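Next come the chains, spelled out residue by residue.
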Amino acid sequence: MRRLLGAAVLAVLGLTVLTPTAASAHERTNAVLTWNVHAQTAIFEVARQSPTAGSRSFAMVQGAVYDAVNAIAGVPYEPYLVAPRAHRGDSTPAAVATAAHHVLLSLFPAQADALAAQYDEALAAIPEGRAKTGGIRVGEAAAAAMIADRRDDGAFSDATWPVGTAPGVYRLTPPLFLQAGGWFPFLRPFVVDDPAAYRVPAPPALGSAAYARQLNEVKAVGSATSTIRTQDQTEAATWWDDYRQVEWYIKRGLAADHRLSQLETARMLAMVDVSTADALISCYQQKRHWSLWRPVTAIPLADTDGNPATVADPTWTPLRVTAPSPEWPSGHACYTSAIMTALRAFFGRDHLSFSAYSAESKTTRHFDSLSAARAELMEARIWAGVHYRGATIHGDRLGEAVTREVLAKEFGRNH
């Protein structure tokens, strides 16, 4: 049923199945990047997990890969879960392939044949011998630790979002009115001690001037038929809303452009993906706590909010489809802020040049800094008609705060 619901959402969004873009020469020789592409194929292209559910899967894969590569490198960084016994001569590509394959197989047993083909191809390219055997053994141990650690973590439970009919209260959103993803607030975090400690301020009261300003802004600029949204803003809203997340390509592109080693790549991806998962857990707990109605509900029902500065438009629709979760804060702002914060910590600077192509918008966007990408994402969610401004601002701040805790506790130098 979850797969059918996911397919229905993707059909509404008009997405087609595409394989990840062709790898660069560096990506082909970097086993960590190769298996990150394989992970995307399994998690999204085949299983069709949502970006939120997929964050858990990516964190599991990249966390295990990091522990395996770090062990073979002599444990220069603190392990995430384990530091399997390894030798310097053990094959890193064998360890990466084994760790990623075994975690993906545990997540998607129905994809066993396809995953086996990728795994067999990877191992066939590695000469037989002690190095290969040792690498496989390290990868197996790292994967086993991750699989055991995430067992019974609350994923895919039957929890649902609370819904209501009172003004301001979240209700399921068109066009499919799906009840989906309500389990994520209850997911056990990967690192942070208390996801609920990261709170965002309350949304403005329905009768306030602040609420009217935010609603009227998204009503004007986020409408499917907006006359004030520019073509570039429309492109940005669509580019950032691609379910085939542009952030995936940004991460791999930065690793390739900066010629990161397999250890550097494994650490960078683990930092980003583990931080993202925990940021979304906190974010979704706040969504559940405030349970505010989304613009797609609030604007047609504005005549019930008691605010004289808002006017109902029963025919209003947003530029992009609203995700099936409550408002406040923005999940995408939490997500992208966590990614950019982790990348800044890894590279040690904000000014990085990167770009990515979106098949959804059929355009490429370029940025000269991580902060510029964060800033545009927050605006893009308003231009898309799916969030109020306050939700994007507070989501961005929450994502950064959670990521700082994750990176203060994990992935640092091993002293």
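Each remark here, short or long, concerns the structure printed above.
Described below are features of the structure shown in this document. These figures come from a predicted structure and were not determined experimentally.

## A look at the state of the cysteines
Here is step 1 of the chain: Evaluation of the coordinates by the stated rule reveals one disulfide.
Here is step 2 of the chain: Sulfur-sulfur distance for the disulfide between C283 and C334 comes to 2.4 Å. The chirality of the disulfide connecting C283 with C334 is right-handed, given an S-S dihedral of about 75 degrees. Of this pair, C283 sits in helix α11 (residues 262–290) while C334 is found in helix α13 (residues 331–347), placing the two residues 51 residues apart along the sequence. C334 matches C283 in its accessibility class, with the two residues each being buried.

## With respect to the pattern of salt bridges
Here is step 1 of the chain: A complete count under the given rule lists 20 salt bridges for this structure.
Here is step 2 of the chain: With its nearest N and O atoms 2.8 Å apart, the salt bridge here joins D153 to R56. With a gap of 97 residues between them, D153 in the loop between α7 (130–149) and α8 (209–221) and R56 in helix α4 (residues 51–72) connect regions that are remote in the sequence.
Here is step 3 of the chain: Residue classification places R56 among the buried residues on the basis of a relative accessible area of 9%.
Here is step 4 of the chain: A salt bridge links E217 to R389, with the shortest nitrogen-to-oxygen separation between them at 2.7 Å. Of the two residues, E217 sits in helix α8 while R389 sits in helix α15 (residues 389–409), which places them 172 residues apart along the sequence.

## A look at the nonpolar core
Here is step 1 of the chain: Ranked by size, the top nonpolar core spans 119 residues in total, and within it V65, L104, L343, Y388 and F411 carry the most contacts.
Here is step 2 of the chain: Element by element, the count of residues in this core is highest for α11, at 14 residues.
Here is step 3 of the chain: Ignoring any residue separated from it by four or fewer positions in sequence, one finds Y388 in contact with Y211, Q214, L215, V218, L292, W293, R294, P295, A298, E327, W328 and I382.

## Topic: the packing of aromatic side chains
Here is step 1 of the chain: Under the defined criterion, the tally for this structure stands at 14 aromatic pairs.
Here is step 2 of the chain: Consider the rings of W239 and F367, whose centres lie 5.9 Å apart with planes at 50 degrees: the pair is tilted. With W239 in helix α9 (residues 231–240) and F367 in strand β2 (residues 363–367), this residue pair connects regions lying 128 residues apart in the sequence.
Here is step 3 of the chain: Taking relative accessible area as the criterion, W239 reaches 0% and is therefore assigned buried.
Here is step 4 of the chain: You can call F367 buried: its relative accessible area is 6%.
Here is step 5 of the chain: The structure contains a cluster of three or more aromatic residues connected by ring pairs, namely F156, W161, W183, F184 and Y284.
Here is step 6 of the chain: Just above the ring of F190 sits the side chain of R150; from NZ or CZ to the centre is 3.7 Å.
Here is step 7 of the chain: If you follow K251 out to its NZ or CZ, it ends over the ring of F58, 5.7 Å from the centre.

Definitions and limits used
Residues numbered from 1 in each chain as written. Predicted model: local features only at pLDDT ≥ 70, side-chain atom pairs only at ≥ 80, totals over all residues. Heavy atoms only, no water. Disulfide = S-S within 2.5 Å. Helix = DSSP H or I, 4+ residues; strand = E, 2+ residues; numbered from the N terminus. Buried < 20%, exposed > 50% of the residue type's maximum accessible area, 1.4 Å probe, protein only. Salt bridge = Lys/Arg side-chain N within 4 Å of Asp/Glu carboxyl O. Core = buried A, V, L, I, M, F, W, Y, C linked by side-chain atoms within 4.5 Å. Contact = heavy atoms within 4.5 Å. Phe/Tyr/Trp six-rings, centres within 6.5 Å; stacked < 30°, edge-to-face > 60°. Lys NZ or Arg CZ within 6 Å of the ring centre and 35° of its normal.

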